[in-house]
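# Fold and contact review
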Amino acid sequence: MSFFWKDLGWRCRTHRPLHTADSLCLLHLYQPIVGTTAISLYMTLYYQVPVHRAGFSDFHSHSYLLNLCRLTFDQLLESRYLLEGVGLISTFEIKDQEHGHFYEYELIPPLTPAKFFQSDVLSFALYNQIGKERFLAMKDWLTGGQEKEEKNQNTLTVNLTRSFQEVFKSLSPAELARAAELGKEAVGPVAKIDESLHEGKWPQLDGPDDGFALIKMRLSSLVDENAWTDELKRELREICFLYQLDDWDLLKALQNPYVTRNGQIDTDRLRSYIKSEYRLRFGDNPVVTRKPLKPSTSTDETPEAPKSHDEASLSEEEKHFKQLAQISPLELLSYYHKGTRIPDSDVELVERLIRQYGLPPAVINVLLEYVLLKYDYKLPRNLVEKIAGQWKRLGIETIQDALKQARKEIWEPKRKKTRLKGQAKQEEKLPQMLKKQFEAEAVSADSPAQQRETEDRQAQIRAKLRLMNEKFSAAQKENKNTP
């Protein structure tokens, strides 16, 4: 298959030459997302065409391109897919009588920095690669406003620039006649320049083939027909992709009067609303990651057979764990509350596990369910956070590791009961004065922190008394055995 693909011809075409600013955007904005190999392929293809104007390259075989870039077939294909994903290349398969079967690569200039950062998809992809601090610095550097020159109020500025007429003489009748003859001798029309892609291309996102027909119909009384522009549909597809919304999720968000009003959809407010809902459920911004790149259904690229998942073959336990990996912690608590309102303290606990401990939602689900089932459907905050801290130190990031660790935690309630029994026995041996002192300290403890401190100190005193009693008992036995 790959040998046949290598023998196919190809050519590339451009819409305009690359500028210095384009190279800056490719290096700092696109390269962290697609990698150096993909950018190298893009530059190699771009310099196959005239560098001073739009045009076509000569025809070459793909074997030549592989040798030119020193890439394998898989590396070349992966780099091409990455460039297509961010909107730098469009690929066409062409068959005609003159050139036969070949590929044409349309090379698209990168987006300007302002347009790049308007795309949530590209912005999040760059943010995930270079981090928050560098992302904000890069955005400020490339899109920051021009510094205004401070001028003294008493400064007088005079424009001395001369016009064309002041520098050059007017054309004589003889010169005009020669120019007219030159125009007649020129053959062929001037090629029409397509300026639609001069400032780059947004990443192409899959969306409903019906153009949001169902949503438009449902919102016909709220949104004007002329509000459904191509730009709005592109932004809606981008939002649905980032936050994994289906038609009903999007419809619910658009019905919010904060988002849709006066017949128009405020996309900035929509993003803000969707982001707040997403963070409440998952605790962070979405992460744009690469999918495994698989060949398309073209003649030379055979698709991978779809993998079938037989749900019937899974046990009830496996199905349950699969659900834990897919739902949010609040959805899990809603299930245990039978759809009723979740207490604010439980919501705050979930937010703390996400933001302070940084545990993935699936791991939090296992932790919450473990505590709920082991402690009679209670969620002791201190215990949950104690286990969360332990799991964080253990580096538990997957649901499989969380389930494995949860099974090891079975000893926790047994150890607690044993400790309580030991305390009860020890309390019986405490002197009456010491018991009264402990009771007075327990009553005077104002805060949970003071209560914990008092309990720890009393436990240390009990431990010392127990050790003294054990030594005293051992000494008595030794004296009895001594003749």
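Residues numbered from 1 in each chain as written. Predicted model: local features only at pLDDT ≥ 70, side-chain atom pairs only at ≥ 80, totals over all residues. Heavy atoms only, no water.

### Concerning the overall build of the protein
A tally of helices and strands in the protein yields 23 helices and seven strands. A total of 483 residues make up the protein; the buried ones form 35% of that total. When contacts within the protein are restricted to residue pairs at least 6 apart in sequence, long-range pairs at least 24 apart make up 71% of them. With an accessible surface of roughly 32,100 Å², the protein has 51% of that area assigned to carbon and sulfur atoms. (Helix = DSSP H or I, 4+ residues; strand = E, 2+ residues; numbered from the N terminus. Buried < 20%, exposed > 50% of the residue type's maximum accessible area, 1.4 Å probe, protein only. Contact = heavy atoms within 4.5 Å. Areas by Shrake-Rupley, 256 points an atom, 1.4 Å probe, with all protein chains shown as cover.)

### Comments concerning the packing of helix 17 (residues 344-355) against helix 19 (residues 381-393)
At their nearest, the axes of helix 17 and helix 19 sit 11 Å apart, and the two run at 15 degrees to each other. The angle between the axes of helix 17 and helix 19 places the two elements in the roughly parallel class. For the pair helix 17 and helix 19, the crossing hand works out as right-handed. Contacts from S345, L349, R352 and L353 in helix 17 reach R381, V384, E385 and A388 in helix 19. Its residues assigned to classes, the contact of helix 17 with helix 19 comprises four nonpolar, one polar and three charged. (Axes fitted to C-alpha atoms, helices over the stretch in contact; angles between N-to-C directions. Parallel < 35°, antiparallel > 145°, perpendicular 65-115°, else oblique. Left-handed = near helix turned anticlockwise from the far one by under 90°. Nonpolar A, V, L, I, M, F, W, Y, C, P; charged D, E, K, R; others polar.)

### Structural notes on the side chain of E106
Position of E106 among the secondary structure elements: in strand 5 (residues 100-107). On the basis of relative accessibility, which here comes to 8%, the residue E106 falls in the buried class. In this structure the side chain of E106 is engaged in a polar contact, spanning 3.5 Å, whose partner is the side chain of R13. Within polar-contact distance, the side chain of E106 engages the side chain of H15 at 2.7 Å. (Polar contact = N/O pair within 3.5 Å; in protein donor to acceptor, adjacent residues only side chain to side chain.)

### Describing the nonpolar core
The biggest cluster of nonpolar side chains holds 39 residues, and the ones touching the most others in it are L29, Y30, Y42, L45 and F116. L45 has contacts with W10, C12, L65, I89, Y105 and L107, leaving out every residue within four places of it along the chain. (Core = buried A, V, L, I, M, F, W, Y, C linked by side-chain atoms within 4.5 Å.)

### Thoughts on the confidence of the model for the protein
Mean pLDDT over the protein: 75, with 69% of residues reaching 70 or higher. Mean pLDDT in the protein bottoms out at helix 21 (residues 411-429), which sits at 46, and peaks at helix 3 (residues 36-46), which reaches 92. Predicted confidence is poor over residues 411-428, with pLDDT under 50, and the contacts of this stretch with residues over four places away or in other chains come to twelve contacts. (pLDDT = per-residue confidence, 0-100.)

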